[in-house]
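Each chain, written out:
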Amino acid sequence: MSSGDRQRRCLAAVAAMGLSLGALGTPALAAKDVALVSGAFRRSIPVKDIEHLANTGEAVGLLKNILDFSRQNPENVSELLNKEITLPLVLTSRLINTRIGEAIIRRVAKIVYPINTDDASVSVPAIRAGVINGLHQNGSSLTAVGFLKAYPNRTLAINVPALTTVIAKAQSIAGLV
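To keep things clear, this report deals only with the structure shown in the data block. Remember, it's a predicted structure, so these values are computed and weren't measured experimentally. (Residues numbered from 1 in each chain as written. Predicted model: local features only at pLDDT ≥ 70, side-chain atom pairs only at ≥ 80, totals over all residues. Heavy atoms only, no water.)

## Here's the deal with the environment of P114
Among the structural elements, P114 can be located in strand β4 (residues 112-114). Sequence separation between P114 and A157 is 43 residues; the distance between their C-alpha atoms is 5.7 Å. P114 has contacts with V122, S123, A126, Y151, N153, T155 and A157, leaving out every residue within four places of it along the chain. (Helix = DSSP H or I, 4+ residues; strand = E, 2+ residues; numbered from the N terminus. Contact = heavy atoms within 4.5 Å.)

## Thoughts on the pairing of strand β6 (residues 155-159)
Of all five residues that make up β6, four are buried, and the element is covered over most of its length. Pairing of strand β1 (residues 33-38) with β6, which is carried by five bridges, proceeds in the parallel orientation. Of the residues in β6, the one forming a bridge with A35 is A157. The pairing of β4 with β6 spans three bridges and is classified as antiparallel. Bridged to P114 within β6 is L156. (Buried < 20%, exposed > 50% of the residue type's maximum accessible area, 1.4 Å probe, protein only. Pairing = 2+ DSSP bridges.)

## Digging into the layout of surface pockets
Taken as a whole, the largest pocket spans an internal volume of roughly 1400 Å³. Lining the largest pocket are 35 residues; nearest its centre among them are V34, L36, L81, I158 and L163. Contributing elements (two or more residues each) for the lining of the largest pocket: β1, α2 (47-56), α3 (61-69), α4 (74-81), α7 (120-137), α8 (144-150), β6 and α9 (160-176). Across the lining of the largest pocket, the residue classes tally to 29 nonpolar, five polar and one charged. (1 Å grid on protein atoms, 1.4 Å probe; cavity = no way out; pocket = protein on both sides within 12 Å on 5 of 7 lines; lining within 4 Å. Points joined across faces, edges and corners; volume = space filled by probe spheres on them. Nonpolar A, V, L, I, M, F, W, Y, C, P; charged D, E, K, R; others polar.)

## Focus on the nonpolar core
Ranked by internal contacts, the top residues of the largest apolar core, which has 32 residues, are V34, I50, L53, L63, Y151 and L156. Breaking this core down by element, the ones donating at least two residues are α2, α3, α4, α7, α8 and β6. Counting residues per element, this core draws most heavily on α7, at six residues. Excluding residues that lie within four positions of it along the chain, L156 makes contacts with D33, V34, A35, V112, Y113, F147, L148 and Y151. Grouped together as the second largest cluster of nonpolar side chains are five residues, A35, V37, Y113 and A157 included. (Core = buried A, V, L, I, M, F, W, Y, C linked by side-chain atoms within 4.5 Å.)

## Considering the packing of α2 against α4
Each packed pair of helices is defined by two parameters, the angle between the axes and the distance between the axes. One can describe the packing of α2 onto α4 by two numbers: an axis separation of 8 Å at closest approach and a directional angle of 100°. Classified by the angle their axes make, α2 and α4 are roughly perpendicular. Across the interface between the two elements, I50, L53 and A54 of α2 pack against P74, V77, S78 and L81 of α4. In terms of residue class, the contact of α2 with α4 is built from six nonpolar, one polar and no charged. (Axes fitted to C-alpha atoms, helices over the stretch in contact; angles between N-to-C directions. Parallel < 35°, antiparallel > 145°, perpendicular 65-115°, else oblique.)

## Comments concerning the environment of S172
Here S172 lies in helix α9. Here S172 falls in the partly exposed class, since its relative accessible area comes to 44%. Separated by 2.8 Å, the side chain of S172 and the backbone oxygen of K169 make a polar contact. (Polar contact = N/O pair within 3.5 Å; in protein donor to acceptor, adjacent residues only side chain to side chain.)

Structure representation (structure tokens):
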């Protein structure tokens, strides 16, 4: 048996164990808060408030204040939170474990990561787990709230300066098209 065959069998066994454990119910760890981080500044929004906005179109608490301050319509944000992405579970799992998938996740991991570390050795597997568990729990479709409920860390941090940089780049590219 070649080393490639052994690696594939090992990967298949680990994936099968992960899926069977995932089928037992909701994950032991799931994001409870989303922390907006900018330098030493950090504010947390409970995932239940984000889920409430997604379900009702009504923002509450700090989330309401943020949306009011940024002049965002809660119903538009609710629509974005409920936007479903349908992805085949096995194909997605394979793709996010390729070199290109790894490169994309590493870039995302500079924006979204577990609260106490932005180290790629922790954040990359956490993002992978959030995507795969979210797809598994929601029948091969994923929403923002579904990802948060499947993310294997209590607090998901969002690096606000890194996010605004990516948004600015995307807007400048969109302006060229």
